[in-house]
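# Structural overview for review
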Amino acid sequence: MFVEDNKHRIDTLKRMLAIGKFIAKNEMSEVYELGHYIADNVLSKICMLIGIEKKREDLVYTNDKKYRTRDFRELYKGILEFFYPKVPKYNEFVKKYHRDRSKYQHGLEHLDLKTIKKPLAIEYIKFVEKIMKQVGYLGKSEVINPITIISSHTYNVGDYQKNYLEEKFKNLYNRLASDDLEHIHIDIKTIFDEIGEKNLQKVLKMDYRRLRPGYGDSMLIEYQKWNLILNHAYRKSLYISKHNDRTYHYSEPDKNLDILKEFLEMIKERCKDAGLNIM
């Protein structure tokens, strides 16, 4: 069973695979090969999430600094096969599909010839969907339906952008409101990056700044009103301060809770003003 705070990550993996299902049916090799690539990427991230959920980050990262994840083979064999022995073995099935993806990413062959056959791309996506069921990320009767990203060669960019931002700001709100502090620094940094600096400014009317490049410090600021300070690399600090008032520290979650609640209410109201429904 997955940790509740990973739900937004698992939902993202489902959408990725749904897009992969759609493009894998395209007749152009340049397109359906991307479906194969997405399936491989989703599978590696499934392994990482399982490692984190099982509190075995040593199986996910190459060292304690968590700068680099282990390679695909180590993730699959060391995590997925270890915790779910009934999944297909890496050497018996997955190795070939991953090798084909590596050619696509690292080599020039795909520019000269069709390196991945369309049926293989579709089969790999189906395989990853079965893995998601085995590890509990998909219900037994749940099916991932293809997401149509093109209709008559066009799609509504405005609706897609609105839905995307609603989801990301909802993730931000829920993660800031959660009382589970494990990995919150990494999660908030990831969500900020997914939303993007321009969207943070446009929706929240706040500036997003990286204070010390390379050190993991960043700030969400509204001049003389609000500051959110995040360090996700070394000190692992996260706090919200209101101008001329008090500060809410996530390291002391029971103190100044009203500051956090007011900040969350501000996020909700400004999303509403921007036409985003996050509740």
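Being a predicted model, the structure only gives us computed values, none of them experimental. (Residues numbered from 1 in each chain as written. Predicted model: local features only at pLDDT ≥ 70, side-chain atom pairs only at ≥ 80, totals over all residues. Heavy atoms only, no water.)

## Quick notes on the overall build of the protein chain
- Counting its secondary structure elements, the protein chain contains ten helices and five strands.
- A buried classification covers 43% of the 279 residues belonging to the protein chain.
- Accessible surface computed for the protein chain: about 15900 Å², of which carbon and sulfur atoms make up 52%. (Helix = DSSP H or I, 4+ residues; strand = E, 2+ residues; numbered from the N terminus. Buried < 20%, exposed > 50% of the residue type's maximum accessible area, 1.4 Å probe, protein only. Areas by Shrake-Rupley, 256 points an atom, 1.4 Å probe, with all protein chains shown as cover.)

## Here's the deal with the side chain of Glu81
- With respect to the helices and strands, the residue Glu81 is situated in helix H3 (residues 72-83).
- For Glu81, which is buried and forms no salt bridge, the nearest opposite charge comes from Lys77, at a distance of 4.2 Å.
- Reaching out from Glu81, the side chain makes a polar contact with the backbone nitrogen of Tyr90 at a distance of 2.6 Å.
- Ignoring sequence-local partners within four residues, the contact set of Glu81 consists of Tyr76, Val87, Pro88, Lys89 and Tyr90. (Lys, Arg positive; Asp, Glu negative; His and termini not counted. Salt bridge = Lys/Arg side-chain N within 4 Å of Asp/Glu carboxyl O. Polar contact = N/O pair within 3.5 Å; in protein donor to acceptor, adjacent residues only side chain to side chain. Contact = heavy atoms within 4.5 Å.)

## What to know about the environment of Arg175
- Residue position: Arg175 is located in helix H7 (residues 157-177).
- A residue is classified by how much of its surface remains accessible, and Arg175, at 3% relative accessible area, is buried.
- Between the alpha carbons of Arg175 and Ile191 there is a distance of 9.2 Å; along the sequence they are 16 residues apart.
- A polar side-chain atom of Arg175 sits 2.8 Å from a polar atom in the side chain of Asp187.

## Observations regarding unusual backbone geometry
- In the Ramachandran plot, His183 falls in the positive-phi region, its phi being about 65° despite a non-glycine side chain.
- Positionally, His183 belongs in the loop between H7 and helix H8 (184-195).
- Within the chain, Lys205 stands out as a residue other than glycine whose phi angle is a positive 60°.

## Remarks on the pattern of salt bridges
- Within this structure, the stated rule accounts for 19 salt bridges.
- The partner of Arg56 in a salt bridge is Asp58, and the shortest N-O contact between them spans 2.8 Å.
- Two residues, Asp258 and Arg246, come together in a salt bridge whose shortest N-O distance is 2.6 Å. Of this pair, Asp258 sits in helix H10 (residues 257-273) while Arg246 sits in the loop between strand S4 (237-242) and strand S5 (247-249), and the two are twelve residues apart along the sequence.
- Residue Arg246 is classed as partly exposed on the basis of its relative accessible area of 33%.

## Quick look at helix H1 (residues 7-23)
- For H1, which comprises 17 residues, the first-to-last C-alpha distance of 25 Å matches the rise-based estimate of 24 Å (1.5 Å per residue) to within 8%.
- For H1, the set of buried residues is His8, Ile10, Leu13, Lys14, Leu17, Ala18, Gly20, Lys21 and Ile23. (Expected span 1.5 Å × (residues − 1).)

## A short note on the confidence of the model for the protein chain
- In the predicted model, the protein chain carries a mean pLDDT of 82, and 83% of its residues have values of at least 70.
- Looking at the elements of the protein chain, mean pLDDT is at its lowest for helix H5 (residues 109-112), recorded as 47, and at its highest for H10, recorded as 94.
- Note on residues 151-157: pLDDT is under 50 here. Beyond four places in sequence and across chains, it has two contacts. (pLDDT = per-residue confidence, 0-100.)

## Let's talk about the nonpolar core
- Ranked by size, the top nonpolar core spans 40 residues in total, and within it Leu43, Ile46, Tyr76, Leu80, Tyr124, Val128 and Ile131 carry the most contacts.
- Looking at this core, the elements with two or more residues in it are H1, helix H2 (29-53), H3, helix H4 (90-106) and helix H6 (118-134).
- Among the elements that make up this core, the one with the highest residue count is H2 (ten residues).
- Setting aside its immediate chain neighbours within four residues, Ile46 contacts Leu13, Val128, Ile131, Met132, Val135 and Tyr137.
- Among the nonpolar cores identified, the runner-up in size contains 32 residues, and Phe169, Ile191, Leu228 and Leu230 belong to it. (Core = buried A, V, L, I, M, F, W, Y, C linked by side-chain atoms within 4.5 Å.)

## Let's talk about H3
- In this model, H3 (twelve residues) spans 16 Å end to end at C-alpha, consistent with the 16 Å of a helix rising 1.5 Å per residue.
- Burial in H3 covers these residues: Phe72, Leu75, Tyr76, Ile79, Leu80 and Glu81.

## Digging into the pairing of S4
- As defined by bridge partners, strand S3 (residues 226-231) adjoins S4 across six bridges and the pair is classed as antiparallel. Residue Trp226 lies in a different strand from S4, and its bridge partner there is Lys242.
- Where S4 lies against S5, three bridges are found, and the strand directions are antiparallel. In the sheet register, Ile240 faces S5, and the bridge partner there is Tyr248.
- Linking two consecutive strands that pair antiparallel, namely S4 and S5, is a turn of four residues; a positive phi of about 60° is found at Asn244 within it. (Pairing = 2+ DSSP bridges.)

## Focus on the packing of aromatic side chains
- All told, the structure shown has eight aromatic pairs when counted by the stated rule.
- Between Phe82 and Phe83, the ring centres sit 4.9 Å apart and the planes meet at 85°, which makes this aromatic pair edge-to-face.
- Given a relative accessible area of 24%, Phe83 falls into the partly exposed group.
- Members of the aromatic cluster, connected to one another through ring pairs, are Phe72, Tyr76 and Tyr90. (Phe/Tyr/Trp six-rings, centres within 6.5 Å; stacked < 30°, edge-to-face > 60°.)

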